[in-house]
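# Chain and residue survey
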Amino acid sequence: MTLFEKKIAVGVSGGIAAYKACELVRELKRNGALVRVCMTESATRFVGPLTLATLSENSVSMSLFADAEVDGTVHLDLARWCDALVVCPATANILAKSRNGLADDFLSTALLATEAPIVFCPAMNSAMWAKPVVQDHVRVLRERGAKLVDPEWGELATTSEGKGIGRLAETGRIMQAIKQAVLGNKQLAGKKVLVSAGPTREALDPVRFITNYSTGKMGFALAEAAKLRGASVTLVCGPNQINSIEGVNQIDVESVEQMLSALKSEYSDSDLLLMAAAVSDYLPKRKSPQKLKKASTSLAIELRKAPDILTALSDPNATCVRVGFALETENEIANAQVKLAEKDLDMVVLNNPLQSGAAFGGDTNIVTLIERKGAIETLPKMSKAEVADKILDKISPLLYADSSKTVAV
Ligand code: CTP
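Predicted model only: the values in this text are computed from it and were never measured. (Residues numbered from 1 in each chain as written. Predicted model: local features only at pLDDT ≥ 70, side-chain atom pairs only at ≥ 80, totals over all residues. Heavy atoms only, no water.)

In the region of the ligand, 15 residues are neighbours, and A277, D281, F325, K339 and K343 sit closest. In the environment of the ligand, an oxygen atom lies 2.9 Å from a nitrogen or oxygen atom belonging to the backbone of M275. Between the ligand and the protein, one listed contact pairs an oxygen atom with a backbone N or O atom of A277 at 2.8 Å. Relative to its unbound accessible surface of 570 Å², the ligand loses 78% to contact with the protein. Counting only elements with at least two residues in the shell around the ligand, the list comes to α12 (309-313) and β16 (321-327). (Near = heavy atom within 4 Å. Polar contact = N/O pair within 3.5 Å; in protein donor to acceptor, adjacent residues only side chain to side chain. Areas by Shrake-Rupley, 256 points an atom, 1.4 Å probe, with all protein chains shown as cover. Helix = DSSP H or I, 4+ residues; strand = E, 2+ residues; numbered from the N terminus.)

Here it is in structure tokens:
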């Protein structure tokens with residue numbers, strides 16, 4: 001999906017994440033969009049208007065009255081001009097003003113005046129974000145049709161604040177929401193999409209477990225992308241620290257057995273399965289009911305093979321389109337092709353976590369899409385949100401085609 005010549009107004013409100021609006025403006029320009037920026041007075045304390053004017057290649061609007069003598073309706077002009085108005089970052093203050101219909105500066109007036117879709121990208125400290133009043137504003141704005149790109153968990157602005165929820169969403173997620181707002185792709189309306197995400201945890205005793213480095217970001221990006229395309233989405237996820245996605249039915253699990261049982265109960269009426277979870281291959285043979293005590297100098301733990309979820313879900317009569325992932329560090333393509341055939345997949349998404357830009361937990365990924373019919377496409381490094389879009393672009397047509405499960409020869 002491209003934003004070529006789409007008119008995007010970016011409203012910057014006054015928080016430390018204002019500097020990240022620069023990255024968003026660059027990304028919009030890279031996508032071919034025409035960009036105009038307006039800033040609140042406090043935003044100008046965090047980032048210079050000249051920077052945003054240079055990046056957007058347009059003058060930046062700040063005051064309702066700056067050009068009043070020559071043009072009394074410049075704020076209305078921006079509100080009418082844009083195909084979408086994106087508030088990035090959106091402070092608690094601008095959310096409150098917009099919810100209550102206040103119009104006392106350029107941005108709040110443009111928000112009230114525009115009839116274009118509005119995308120809010122909140123960013124603030126965790127305590128502010130958690131306040132019922134802020135959540136109430138967010139809920140009401142959403143009910144009125146605004147898109148909200150929820151903030152993420154991660155390091156907050158000052159080191160003293162540590163980690164928490166409130167960090168501005170990664171640019172790829174914001175771009176995805178803007179594209180949906182402007183281009184309105186409802187390709188998956190009426191379809192049920194089942195996504196798995198994150199690691200599993202296999203308990204050794206009441207305090208220890210075996211797991212892996214997966215954070216769940218790729219699976220969450222897929223769930224969000226499918227939801228934005230109008231699908232009804234169920235996300236089965238192992239332990240993670242990602243905000244749940246508004247409108248997605250999330251089922252939290254821990255172990256591979258729990259993940260299998262949750263997916264089984266959702267699978268039969270699903271149209272598309274996106275199996276992004278990093279599932280354990282082996283489990284401890286026994287779980288000790290008591291904490292294992294330190295005794296001898298070494299300890300051997302006996303493991304047994306875990307069920308393979310994709311195999312367990314396979315059903316020759318089912319019409320569900322199936323996408324699996326292949327995590328490979330050697331003979332990547334050949335190994336992924338074996339998984340495609342053995343796990344009865346329509347597409348396998350291959351990635352190598354040893355490649356820089358494709359590591360667990362990062363915001364980017366480098367993947368190769370291998371289709372049942374033989375096509376192989378390696379994508380450049382891109383955000384996980386963009387990877388999710390590419391996967392859906394490729395796989396969605398299969399949901400509407402006569403299902404032919406022939407493998408390339
Ligand atoms: N998978 C699964 N059940 C498991 C393990 C993996 O359904 N017990 C799924 C993963 O969600 C992924 C695909 O199978 O979609 C491939 O996972 P991957 O870890 O790459 O490979 P494995 O099948 O576990 O094989 P190996 O570890 O030997 O590469």
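Right, let's get into helix α5 (residues 92-100). Structurally, the α-helix is built with 3.6 residues per turn, so residues lying three or four positions apart point the same way. All of the buried residues along α5 are A92, I94, L95, K97, S98 and R99. As for α5, its buried residues are in contact with β3 (84-90), α6 (106-113), β4 (118-122), α7 (126-130) and α8 (132-143). (Buried < 20%, exposed > 50% of the residue type's maximum accessible area, 1.4 Å probe, protein only. Contact = heavy atoms within 4.5 Å.)

Looking now at the environment of G166. Relative to the assigned elements, G166 resides in strand β7 (residues 163-167). Separated by 147 residues in the primary sequence, G166 and Y19 place their C-alpha atoms 15 Å from one another. Setting aside its immediate chain neighbours within four residues, G166 contacts P122, A123, M124, P151, E152 and L156.

Between helix α9 (residues 171-183) and helix α10 (residues 217-228), the least distance of the axes is 10 Å, while the angle of their chain directions is 10°. In terms of their interaxial angle, α9 and α10 are classed as roughly parallel. Across the interface between the two elements, R173, Q176, A177 and Q180 from α9 touch A221, E224, A225 and L228 from α10. When grouped by side-chain class, the residues that make up the contact of α9 with α10 number four nonpolar, two polar and two charged. (Axes fitted to C-alpha atoms, helices over the stretch in contact; angles between N-to-C directions. Parallel < 35°, antiparallel > 145°, perpendicular 65-115°, else oblique. Nonpolar A, V, L, I, M, F, W, Y, C, P; charged D, E, K, R; others polar.)

Attention now moves to the sheet that holds strand β20 (residues 376-378). Reading across the sheet, the eight strands line up as β12-β11-β8-β13-β16-β17-β19-β20 and stay open at both edges, with mixed pairing between neighbours. Strands at the two margins of the open sheet, each flanked by one partner only, are β12 (249-252) and β20. Sheet twist, expressed as the average angle between the axes of neighbouring strands with direction ignored, equals 15°. Direction of pairing for strand β8 (residues 192-197) relative to strand β11 (residues 232-237): parallel, over a ladder of six bridges. Looking at the pairing, K192 lines up with S232 of β11. (Pairing = 2+ DSSP bridges.)

Our next topic: a nonpolar patch on the surface. On the surface, Y282, L292, L299, I301 and L303 cluster together into a nonpolar patch covering about 470 Å² of accessible area. By the secondary structure assignment, L299 is in the loop between β14 (282-284) and β15 (303-305). (Patch = residues over 30% accessible without salt bridge, like charges linked within 9 Å, V, L, I, M, F, W, Y side chains within 5 Å. Salt bridge = Lys/Arg side-chain N within 4 Å of Asp/Glu carboxyl O.)

Before going further, it helps to spend a moment on the packing of aromatic side chains. How two aromatic rings sit relative to each other is set out by the distance from centre to centre and by the angle between their planes. Under the criterion given, the structure shown has zero aromatic pairs. In this structure, R36 is placed above the aromatic ring of W81, and the distance from its NZ or CZ to the ring centre is 5.0 Å. Geometry around Y400 places K191 over its ring, the cationic atom sitting 4.6 Å from the centre. (Phe/Tyr/Trp six-rings, centres within 6.5 Å; stacked < 30°, edge-to-face > 60°. Lys NZ or Arg CZ within 6 Å of the ring centre and 35° of its normal.)

This paragraph deals with the environment of L399. Turning to its location among the elements, L399 is positioned in the segment after α14 (384-395). Here L399 falls in the buried class, since its relative accessible area comes to 13%.

Moving on to the domain arrangement of the protein. How big an interface is tends to be reported as the loss of accessible area on association of its parts. The assigned domain composition of the protein is domain 1 (7-183) and domain 2 (192-289 + 301-400). Distance from the C-alpha centre of domain 1 to the C-alpha centre of domain 2: 33 Å. Contacts between domain 1 and domain 2 engage 14 residues on the former and 15 residues on the latter. Together, the buried faces of domain 1 and domain 2 total about 1,300 Å²; carbon and sulfur atoms form 44% of this surface. Linking domain 1 with domain 2 are two salt bridges. Of the charged contacts in the structure, one is a salt bridge between R173 and E224, with a shortest N-O distance of 2.8 Å. (Domains from an automatic or database assignment. Buried area = accessible area lost by both parts, 1.4 Å probe.)

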